[in-house]
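# An overview of the molecular structure
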Amino acid sequence: MRAADTDRIQVAHLLTDAAAQGQLPMTEYEERLTKAYAAQTYDELERLSSDLPGALTSRRTSGPCRPAPSTLLLAIMSGFERRGRWNVPKRLTTFALWGGGVVDLRYADFTSPEVEIHAYSIMGGQTILVPPEVNVDLHGHGVMGNFDNSVEGQGSPGAPCVKIRGFSLWGSVAVKRKKRRMQSP
């Protein structure tokens, strides 16, 4: 049976839970996560998660993905920070005016195979951190400022795609691919 995006996202959440609870070392977690996003069949996903609590053990009919609601992060003469474990919405808008912010997607749960981030900075700055397996599509403009239009490295086939659009005026929008940190026992 062919796997759907919903199935891949569910296994990714299961793997993330296992890594957060110390049941999977970080390197094994990243390897399994890459394979989960590339999986074509339900059997492949089952093999990746069968040794974990809450594993997918029965075949089911997949429904459509239910993305988290659109979100707006504002930093007006202040800051915003979204880190750790959180649900990434299908559409996220960030705005920094004389302020700054960080959107860290490394430990986040993707609720949709495609995510749109609209990032705007005016005399402020923001950084978007993406994990190694995520695919990134960047298009933005900097006016007397900087908007990154490239990010090092390639994502994995089948992994979520993050489309980042926007502009910066006398400010910056930086996008960096960054590995997850090793967890302490």
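Here's what I pulled together on the structure shown here. It should be emphasised that the depicted structure is a prediction, and the values quoted were computed from it without experimental measurement. (Residues numbered from 1 in each chain as written. Predicted model: local features only at pLDDT ≥ 70, side-chain atom pairs only at ≥ 80, totals over all residues. Heavy atoms only, no water.)

### Focus: empty space enclosed by the protein
Inspection of the entire model under this criterion finds two cavities of 30 Å³ or more. In this model, the largest cavity occupies a volume close to 80 Å³. Along its surface, the largest cavity is lined by 14 residues, and T16, Y29, Y37, A108 and F110 are the ones closest to its centre. Of all the secondary structure elements, the ones that give two or more residues to the lining of the largest cavity are α1 (5–20), α2 (26–38) and β6 (109–110). Partitioned by chemical class, the residues of the lining of the largest cavity number eight nonpolar, two polar and four charged. What lines the second largest cavity is D5, R8, I9, Y37, P113, G158, A159 and P160. (1 Å grid on protein atoms, 1.4 Å probe; cavity = no way out; pocket = protein on both sides within 12 Å on 5 of 7 lines; lining within 4 Å. Points joined across faces, edges and corners; volume = space filled by probe spheres on them. Helix = DSSP H or I, 4+ residues; strand = E, 2+ residues; numbered from the N terminus. Nonpolar A, V, L, I, M, F, W, Y, C, P; charged D, E, K, R; others polar.)

### A look at the side chain of Q126
You can see Q126 is positioned in strand β8 (residues 125–130). The exposure class of Q126 is buried, given its relative accessible area of 2%. Within the local environment of Q126, its side chain forms a polar contact with the side chain of T94, the two groups lying 2.4 Å apart. Beyond its immediate stretch of four places on either side in the chain, Q126 contacts F80, T94, F95, A96, G101, A119, Y120, S121, S172, V173 and A174. (Buried < 20%, exposed > 50% of the residue type's maximum accessible area, 1.4 Å probe, protein only. Polar contact = N/O pair within 3.5 Å; in protein donor to acceptor, adjacent residues only side chain to side chain. Contact = heavy atoms within 4.5 Å.)

### Examining the nonpolar core
L105 and I128 are the most contacted members of the largest nonpolar core, which has 42 residues in total. Ranked by residues supplied to this core, first place goes to α1 with six residues. Ignoring any residue separated from it by four or fewer positions in sequence, one finds I128 in contact with V103, L105, I117, A119, I164, V173, A174, V175 and K176. (Core = buried A, V, L, I, M, F, W, Y, C linked by side-chain atoms within 4.5 Å.)

### Quick word on the packing of α1 against α2
Direction vectors running N to C along α1 and α2 enclose 175°, while the axes themselves pass 9 Å from each other. By the angle class used here, α1 and α2 are roughly antiparallel. Here R8, V11, A12, L15, T16 and A19 of α1 lie close against α2, whose contacting residues are Y29, R32, L33, A36 and Y37. (Axes fitted to C-alpha atoms, helices over the stretch in contact; angles between N-to-C directions. Parallel < 35°, antiparallel > 145°, perpendicular 65-115°, else oblique.)

### A word on the sheet that holds strand β10 (residues 146–147)
Across the sheet, which stays open at both edges, the five strands sit in the order β2-β5-β8-β12-β10 with parallel pairing between neighbours. Two strands in the sheet have a free side with no partner beyond their single neighbour: β2 (79–82) and β10. Note: β10 against strand β12 (residues 172–177), two bridges, orientation parallel. Bridge assignment links N146 to a residue of β12, and that residue is S172. (Pairing = 2+ DSSP bridges.)

### Comments concerning the pattern of salt bridges
Per the stated rule, a full pass over the model turns up 13 salt bridges. Ionic pairing is found between D104 and R83, a salt bridge with its closest N-O pair at 3.6 Å. Taken as a pair, D104 in strand β5 (residues 100–104) and R83 in the loop between β2 and β3 (87–88) lie far apart in primary sequence, 21 residues in all. A residue is classified by how much of its surface remains accessible, and D104, at 2% relative accessible area, is buried. (Salt bridge = Lys/Arg side-chain N within 4 Å of Asp/Glu carboxyl O.)

### Details of the environment of V11
With respect to the helices, strands and loops of the structure, V11 is situated in helix α1. For V11, a relative accessible area of 0% puts it in the buried group.

### Concerning the pairing of β12
Looking at chain direction, β8 and β12 are connected through six bridges and run parallel. Residue pairing for β12: T127 is matched across the bridge by A174.

### Section: the environment of I122
Among the structural elements, I122 can be located in strand β7 (residues 114–122). Separated by 55 residues in the primary sequence, I122 and P67 have C-alpha atoms spaced 29 Å apart. I122 has contacts with F95, A96, L97, W98, F167 and L169, leaving out every residue within four places of it along the chain.

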